[in-house]
Amino acid sequence: MHPSHEDQAVKAYPEGRGGEARSRHRGGEARSRHRGGEASPEGRVRAAAGRGWARARAVGGVGAALAVTPYLLIKVVWSFGLLLPNAAMAGAGWRAVNAATAVMAAAGVGLALAFCRPWGERLPAWLVAGPVWVGTGLLVPVLPLAPVLGPAAVDRDRAAGSSDLWTYEQALVMVSLVGVAAGLPLALAGYVRARWPHALGGPLAHPEPEGGTRPLRVPLAVAVAAGCVLLGGAKAYWAAGGAAGLDPDALHHRDLWWHMLSAGTAVWALAGAWGVLVLAFRRGARRVVLPMAAAWVASGMLFSYGVYGLLTLTGMQRPGPELPVAAALAREGGTVLGAAMALLLLLALHDRRRALPH
């Protein structure tokens, strides 16, 4: 049997062209095995997982875009002063808020569609990450509470004098928010796995890259986790009925809505503390996806709800039962903790990208 051209090239050029011939030869063998149905089981599993994430990405993106459409239409109508739930929302301040949220909803439709299309992977990272970080932080924590928060919100607004029409508008709003909260994380996960596989894929542990940020991340993570435990403990205490730090003359504001949001904030603050500690010390989980997701949602939740809480200072939101000092500590403290947690996520992703093969 005469040696093949590839074998002659390998013998003649052990380096250089021989290496190229060897690669071509192996590539031909691999293609032959693939055509013969001899692909490895691991390869088939990875291919099936990739197809599954692609389907989740498409379904989640289109579903989120469709779900947010009723919310967008309602906000546009309110911006023009039509079909308002109550007379207070006819003011210039509320109309500006509704116009701003309508713009945000329109941007959400665009981002949801970008997540499920190839052109979305060419968008700047900040244009994708920033709005989605705030959006998932606002909506995902509400998802498990929606069956209770929806009726509670309607009862609260009826007690405040809202019209009967608002009951139907509120139902549409809740359906939109639940749909986005369910679809957006699916689309985001598939998008991130396709564009930045190091963010959600692979094991938690990885070698320390040269010039890594671990000396900064570890003490900052400990400080942020301590702050989250304090905030979560305070919110859990209030949700359980504790009255320290509350205004004795405003205890009637402790309705079901307030109790549920306090409990939800406590859960996500503690989940965020766990997430940043696991990412910083790289212990406590096998895969990176759970601590990364927990820190992502918790940071967005603490930041966005803290900023949203500033509306109570303008008189546009019903005041809570907290004393002014306690409310400010919880609100501004949550905002700072959420921003610091986001910084820790960026540092962790920076180290993973440098340490893991692409």
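Cut-offs used in this document
- Residues numbered from 1 in each chain as written.
- Predicted model: local features only at pLDDT ≥ 70, side-chain atom pairs only at ≥ 80, totals over all residues.
- Heavy atoms only, no water.
- Phe/Tyr/Trp six-rings, centres within 6.5 Å; stacked < 30°, edge-to-face > 60°.
- Helix = DSSP H or I, 4+ residues; strand = E, 2+ residues; numbered from the N terminus.
- Buried < 20%, exposed > 50% of the residue type's maximum accessible area, 1.4 Å probe, protein only.
- Core = buried A, V, L, I, M, F, W, Y, C linked by side-chain atoms within 4.5 Å.
- Contact = heavy atoms within 4.5 Å.

Things to note about the packing of aromatic side chains
Right, so step 1: Tallying each qualifying case throughout the model produces 3 aromatic pairs.
Right, so step 2: Ring plane angle 50° and centroid distance 4.8 Å describe the contact between Phe115 and Tyr191, whose orientation is recorded as tilted. Remark: Tyr191 occurs in helix H7 (residues 165-195) and Phe115 occurs in helix H4 (residues 92-115); sequence separation between them is 76 residues. Like Phe115, the residue Tyr191 is buried in the burial classification.
Right, so step 3: Both rings, one in Tyr191 and one in Trp196, keep their centres 5.9 Å apart while their planes meet at 75°; by these two values the pair is edge-to-face.
Right, so step 4: With a relative accessible area of 0%, Tyr191 lands in the buried category.
Right, so step 5: By the ring-pair criterion, three or more aromatic residues cluster together here, those being Phe115, Tyr191 and Trp196.

Let's talk about unusual backbone geometry
Right, so step 1: Of note in the backbone geometry, Arg282 takes a positive phi value of approximately 55° without being a glycine.
Right, so step 2: Looking at where Arg282 falls in the secondary structure, it is placed in the loop between helix H10 (256-281) and helix H11 (289-308).

What about the nonpolar core?
Right, so step 1: With 61 residues, the main nonpolar core has Phe115, Val224, Cys228, Val276, Leu279, Leu302 and Met341 as its most contacted residues.
Right, so step 2: Broken down by element, the residue count for this core peaks at 9 residues, all from H7.
Right, so step 3: In this structure, Leu302 is in contact with Cys228, Leu231, Thr265, Ala269, Gly334, Thr335, Leu337, Gly338 and Met341, ignoring residues within four places of it in sequence.

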